Amino acid sequence: RFPVELDAPEACPRYVCRIIRNTDPEAKTPLWMQERLRRSGLRSISPVVDVTNYILLELGQPMHGFDLRQLKDGIRVRMASPDEKLLMLDGSELSLREDTLVIADEEKVVAMAGIMGGEYSGVAPDTRDILLESAFFAPTEIIGKARSYGMHTDASHRFERGVDPNLQVTAIERATELLLDMVGGEPGPVVEAVSEKH
């Protein structure tokens, strides 16, 4: 299990995650999935990234995969602190504003919520232990945020327009099913943090 705290529940009222340990980093994405992604305009990158992209297309739920080695002691969904920086997956370093919702562990920011993951916590070629994320971010928190940083992603596009707030567990179960077939591994229980009020 990986503990989750919702420090900004109005912006993220549901966050679901699951650890999958001992996956095979040498495994390849099967041809059928590579081809479906290609026909949808996406290139195959790695099994974990491909599965999260496939779930986005199949169910409309953006997801993210973290390298569990890079996460310290738990997930906190919170607003950015003044002067926090995040090195993005595309190599750019962003100075975050206090109005930006982030995914953090106990030491650092690891992703810009609903937009893009950070470079240091992403799944690498030698990653064996994964933390899968599936969350609901309020559209009002995401609208215009990516553009204000000069970015646009498939995830921000979906969250800005509204994702089903009850889809997260279904998405993580489907992603787990696909991943176990492709890379093996041992899944832990689904951890779900929910603010019913929001």
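Thresholds, definitions, all that
- Residue positions are given per chain, counted from 1 along the sequence in the order it is written.
- Under the rules for a predicted model, residues below a pLDDT of 70 receive no local features and side-chain atom pairs below 80 are neither given nor counted, while totals for whole chains, interfaces and linings still include all residues.
- Just so you know, side-chain values use all the structure's heavy atoms and leave hydrogens and water out.
- Strand pairing is defined by DSSP finding a minimum of two bridges between the two strands.
- Under the DSSP-based scheme used, a helix requires at least four consecutive residues in state H or I and a strand at least two consecutive residues in state E, with every element numbered from the N terminus.
- Buried residues are those whose accessible area, probed at 1.4 Å on protein chains only, stays under 20% of the maximum for their type, while exposed residues exceed 50% and partly exposed ones sit between those limits.
- The axes used here are C-alpha line fits, helices contributing only the stretch in contact, and every angle between their N-to-C directions lies in the interval 0 to 180 degrees.
- We call two directions roughly parallel when the angle between them is under 35 degrees, roughly antiparallel when it is over 145, roughly perpendicular when it lies between 65 and 115, and oblique otherwise.
- Here is the rule for handedness: rotate from the far helix to the near one, and if that takes an anticlockwise turn smaller than a right angle the crossing is left-handed, while a clockwise turn gives right-handed.
- What makes two residues a contact is simply this: any of their non-hydrogen atoms within 4.5 Å.

## Some details on the sheet that holds strand 9 (residues 116–117)
Point 1. Spatially, five strands are ordered 1-4-7-8-9 in an open sheet, and the strand pairing comes out mixed. Each end of this open sheet is capped by a strand with a single partner; those strands are strand 1 (4–6) and strand 9.
Point 2. Examined bridge by bridge, strand 8 (residues 109–112) and strand 9 share two bridges and lie antiparallel to one another. Counted as the bridge partner of Met112 is Met116 from strand 9.

## Regarding unusual backbone geometry
Point 1. At Asn22, a residue that is not glycine, the phi angle is positive and equals roughly 60°.
Point 2. In this fold, Asn22 is placed in the loop between strand 2 (14–21) and helix 1 (31–39).
Point 3. Phi at Asp83 is positive, roughly 70°, even though this residue is not glycine.
Point 4. By the secondary structure assignment, Asp83 is in the loop between strand 4 (75–79) and strand 5 (85–87).
Point 5. Here Asp83 falls in the exposed class, since its relative accessible area comes to 70%.

## Thoughts on the packing of helix 2 (residues 47–59) against helix 6 (residues 168–183)
Point 1. Across the interface, helix 2 lies against helix 6 with an axial gap of 10 Å and an inter-helix angle of 140°. What the angle tells us is that helix 2 and helix 6 run oblique. Between helix 2 and helix 6 the crossing geometry is right-handed. Residues Pro47, Val48, Val51, Tyr54, Ile55, Glu58 and Leu59 of helix 2 touch helix 6, and the partners they reach there are Thr170, Ala171, Arg174, Ala175, Leu178, Leu179, Met182 and Val183.

## Concerning the pairing of strand 8
Point 1. Of the strand pairs in this sheet, strand 7 (residues 101–104) and strand 8 are connected by three bridges, and their pairing is antiparallel. Residue pairing in the sheet places Val102 in a bridge with Met112 of strand 8.
Point 2. Remark: four residues form the turn of the hairpin made by strand 7 and strand 8, two consecutive strands paired antiparallel.
Point 3. The hairpin formed by strand 8 and strand 9 contains three residues between the paired strands, and Gly114 there has a positive phi angle of roughly 75°.

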